[in-house]
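Coordinate inspection notes
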Amino acid sequence: MKSKIIDLIAANVDALTKDEISELIEIPPKPELGDYAFPCFRLAKAMRKAPQMIAADIKAAIAEASDASFIDEIQVQGAYLNFFIKKEIFVKSMVDAAFDDNFGASDMGDGQTICIDYSSPNVAKNFHVGHLRTTIIGNSLYKIYSKLGYKVVRINHLGDWGTQFGKLIVAYKAWGDEETVKKDGVGELMKLYVKFHEEAEKKPELNDEARAWFAKMEQGDEEALKIWQWFKDISLIEYKRTYDLLGMDFDYYLGESFYRDKTDDVVKRITDAGLLKDSEGAKIVDLEEYNMAPCLILKNDGSSIYATRDLAAIFYRKETYNFVKCLYVTGQEQKLHFAQVFKVVELLGNDWAKDELIHIPYGLVSLEGAKLSTRSGNIIYAEDILLEAISKIKEIIEEKNPDIPDKDETAKKIGVGAVLFNDLYNQRIKDVSFKWEKLLNFDGETGPYVQYTYARCASIIRKLDGYTPSKDVDYSVLTDADSMELLKEVSRFPKVILDAAEKYEPSVVARFAVDVAQAFNKFYNANRINVEEENIRNARASLVYITKKTIKDALLLLGIECPEQM
């Protein structure tokens, strides 16, 4: 229906393209304002008329069009042109669309590759709840872009290189024990890391020792690299356990260390371009002209820094994957770092850097308002958060529905889903607080609420003996206000996916899922489904099926699974 309206408007408006018209068309907030609305403000300057007059002219032109038979009425409301579609035609078009297995999908990304750099925990440090944000947001963007037909390369850029490993080697040699590290894994490594910072405050020379050990790593020292690889192997075991809980994986675990033999080429490129400058013994690219601090390329001891390795990673990814976009999902505190790195890539003669390198920042995360800090030891493990959510949901199940099959798997889907949804429901730039009472609430705008709506749909369909999902139904049954409102919400799904991709904003999908769940529950409360009249029963059941399918597809874009029973 929207496409047909776009065609009608485009045939009578020269000042806008079909894509521009599509962007402007809205679904009005109230049903009495129509099914679709087209604002005419943008046409005023080009057509040299008041928007209200333009709307009236377009209405008159469309009224004479032979292909406007699907429209019941067009109203001019101020500067808006409001379209009322013939209800049965609208219902049929939406039911047909929503039954399609590929509803919401697109081939717009066919033949194009997007790289997403996300999660990227620092090796030898625990995977704490702060790492969940980048992991959850990045995974959702991967699913959203895949739905649009892009080939998406998921890269876990592990923080597995740098001076912090020199610090950890110093700490291990001074206060560590091999058996304790084997037994307690990353937990013990974290204790050693915290211990180093406590001792370094009293003995600053420890920092010099740490830098010396990292220099040995860069020079290929056998002992230093052996200890480093051991720390890395221990860390990956924990990280993969957390990823398994989240139901996530990566195409590549290519950490900073992967690029250490590629940094010389970066330095050569920058030198050849005449951009490398000395600064107190270090090597930098001066970015003062662009109102930025200098980008440090080599420290004064000649060792590389993460900016150098990020530059090497960009060139490697461009050459290897030929991406059309490379997305970096990290905290907003890294905004300057990526602005510097992207500017250096651009200054090296790569104009594509302006449009293809994208930093996607997000806000802080806290547990009941307590900000998390690695060095202070105030740490909450991501795995513990997930297991606690699963445990709490299991208690609720035992209390309310103890006979449910697959209790453990159901509790996992709901518990993990609650954590993911809590993160993704608000705009990513906003801070997130984990509050159990809100997180696990089965009412309100939460993951469990949406999952419960899905389970309710599944239950309704199970109880309909002999019902087979079909789009061939009596469409007149679904023309009541509540059915129409639910179909309108469902109809937004393709646009929602596009919006989420364009804005790098999974919250658009999360809020859509809540809107569909709320519209369904309103429909369900107003309409009996398992009635004797077969045409009514089958039509309403098909709307239940469409809702169930759409909720499942939307939540999958957030990395959330739906249990069939709750």
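Residues numbered from 1 in each chain as written. Predicted model: local features only at pLDDT ≥ 70, side-chain atom pairs only at ≥ 80, totals over all residues. Heavy atoms only, no water.

Per the secondary structure count, the chain includes 23 helices and 13 strands. Its C-alpha atoms give the chain principal-axis dimensions of roughly 80 × 65 × 35 Å. Across the 566 residues in the chain, those meeting the buried criterion constitute 55%. A separation threshold of at least 6 residues defines the contact pool for the chain, and within that pool the share at least 24 residues apart is 74%. Of the accessible surface of the chain, which amounts to about 25600 Å², a share of 45% is contributed by carbon and sulfur atoms. In the chain, which carries 74 positive and 92 negative side-chain charges, the distance between the mean positions of the two groups comes to 1 Å. (Helix = DSSP H or I, 4+ residues; strand = E, 2+ residues; numbered from the N terminus. Buried < 20%, exposed > 50% of the residue type's maximum accessible area, 1.4 Å probe, protein only. Contact = heavy atoms within 4.5 Å. Areas by Shrake-Rupley, 256 points an atom, 1.4 Å probe, with all protein chains shown as cover. Lys, Arg positive; Asp, Glu negative; His and termini not counted. Charge placed at Lys NZ, Arg CZ, Asp CG, Glu CD.)

What follows covers the nonpolar core. Within the largest apolar cluster, 161 residues are counted, with the highest numbers of intra-cluster contacts made by Phe38 and Phe83. Ranked by residues supplied to this core, first place goes to helix H22 (residues 507-526) with eleven residues. Formed by 35 residues, the second largest nonpolar core is a distinct cluster that contains Ile155, Leu275, Ala312 and Phe338. (Core = buried A, V, L, I, M, F, W, Y, C linked by side-chain atoms within 4.5 Å.)

On to the environment of histidine 157, then. Tracing the backbone shows histidine 157 in the loop between strand S5 (151-155) and helix H7 (163-175). Exposure remark for histidine 157: the relative accessible area of 8% places this residue in the buried category. On a C-alpha basis, the gap between histidine 157 and phenylalanine 90 in space is 47 Å, while along the polypeptide they are 67 residues apart. If sequence neighbours within four positions are ignored, histidine 157 has contacts with Asp117, Tyr118, Ser120, Leu254, Gly255, Glu256, Tyr259, Asp310, Ala313 and Arg317. Within the local environment of histidine 157, its side chain forms a polar contact with the side chain of aspartate 310, the two groups lying 3.5 Å apart. (Polar contact = N/O pair within 3.5 Å; in protein donor to acceptor, adjacent residues only side chain to side chain.)

Burial analysis of strand S10 (residues 357-362) places six of its six residues in the buried class, which makes it a mostly covered element. Burial along S10 is two-sided: the residues Leu357, His359 and Pro361 and Ile358, Ile360 and Tyr362 are all buried. Here strand S9 (residues 325-331) runs beside S10; their pairing, made up of six bridges, is parallel. Opposite glycine 331, over in S10, you have tyrosine 362 as the bridge partner. (Pairing = 2+ DSSP bridges.)

Once that is clear, we can look at helix H20 (residues 481-491). The element H20 is extensively covered by neighbouring structure, given that nine of its eleven residues are classed as buried. Of all the residues in H20, the buried ones are Asp482, Ser483, Met484, Leu486, Leu487, Lys488, Glu489, Val490 and Ser491. Sitting at the head of H20, aspartate 480 places a side-chain oxygen 3.3 Å from the backbone nitrogen of aspartate 482.

What follows deals with the pattern of salt bridges. Under the definition given, this model contains 35 salt bridges. A salt bridge links arginine 154 to aspartate 251; the nearest nitrogen and oxygen atoms lie 3.2 Å apart. In this pair, arginine 154 is assigned in strand S5 and aspartate 251 in the loop between helix H11 (222-246) and helix H12 (263-272), connecting sequence segments 97 residues apart. Its relative accessible area of 36% is what places aspartate 251 among the partly exposed residues. Salt-bridge contacts for lysine 394 lead to aspartate 408; the nearest nitrogen and oxygen are separated by 2.7 Å. (Salt bridge = Lys/Arg side-chain N within 4 Å of Asp/Glu carboxyl O.)

It is at 10 Å that the axes of helix H13 (residues 306-321) and helix H14 (residues 335-347) come closest, and there the two elements cross at 50°. Considering their axes alone, H13 and H14 lie oblique with respect to each other. The way H13 lies across H14 gives a crossing that is right-handed. Every residue of H14 that contacts H13 at Tyr306, Ala307, Asp310, Leu311, Ile314 and Phe315 is listed here: His337, Phe338, Val341, Phe342, Val344 and Val345. (Axes fitted to C-alpha atoms, helices over the stretch in contact; angles between N-to-C directions. Parallel < 35°, antiparallel > 145°, perpendicular 65-115°, else oblique. Left-handed = near helix turned anticlockwise from the far one by under 90°.)

Moving on to the side chain of arginine 317. Summarising the element assignment, arginine 317 is placed in helix H13. Accessibility expressed as a relative area gives 0% for arginine 317, which makes it buried. Here arginine 317 is in contact with Asp117, Ile155, His157, Tyr259, Asn322, Phe323, Cys326 and Tyr328, once residues within four sequence places are set aside.

Once that is clear, we can look at the confidence of the model for the chain. Per-residue confidence for the chain gives a mean pLDDT of 93; residues scoring 70 or more make up 98%. Across residues 373-377, where pLDDT falls below 50, the model places 13 contacts with residues more than four positions away in sequence or in other chains. (pLDDT = per-residue confidence, 0-100.)

Attention now goes to the packing of aromatic side chains. The full count for this structure, using the stated rule, is 28 aromatic pairs. Here tyrosine 243 and phenylalanine 250 contribute two aromatic rings whose centre-to-centre distance is 4.9 Å and whose plane-to-plane angle is 65°, an arrangement assigned as edge-to-face. For the pair formed by tyrosine 243 and phenylalanine 250, the shared burial category is buried. Both rings, one in phenylalanine 258 and one in tyrosine 259, keep their centres 5.0 Å apart while their planes meet at 85°; by these two values the pair is edge-to-face. Look at phenylalanine 258 and you get partly exposed, because its relative accessible area is 28%. Residue tyrosine 259 is classed as buried on the basis of its relative accessible area, which comes to 0%. Clustering of aromatic rings is evident, with ring pairs tying together Tyr118, Phe127, Tyr239, Tyr243, Phe250 and Tyr253. (Phe/Tyr/Trp six-rings, centres within 6.5 Å; stacked < 30°, edge-to-face > 60°.)

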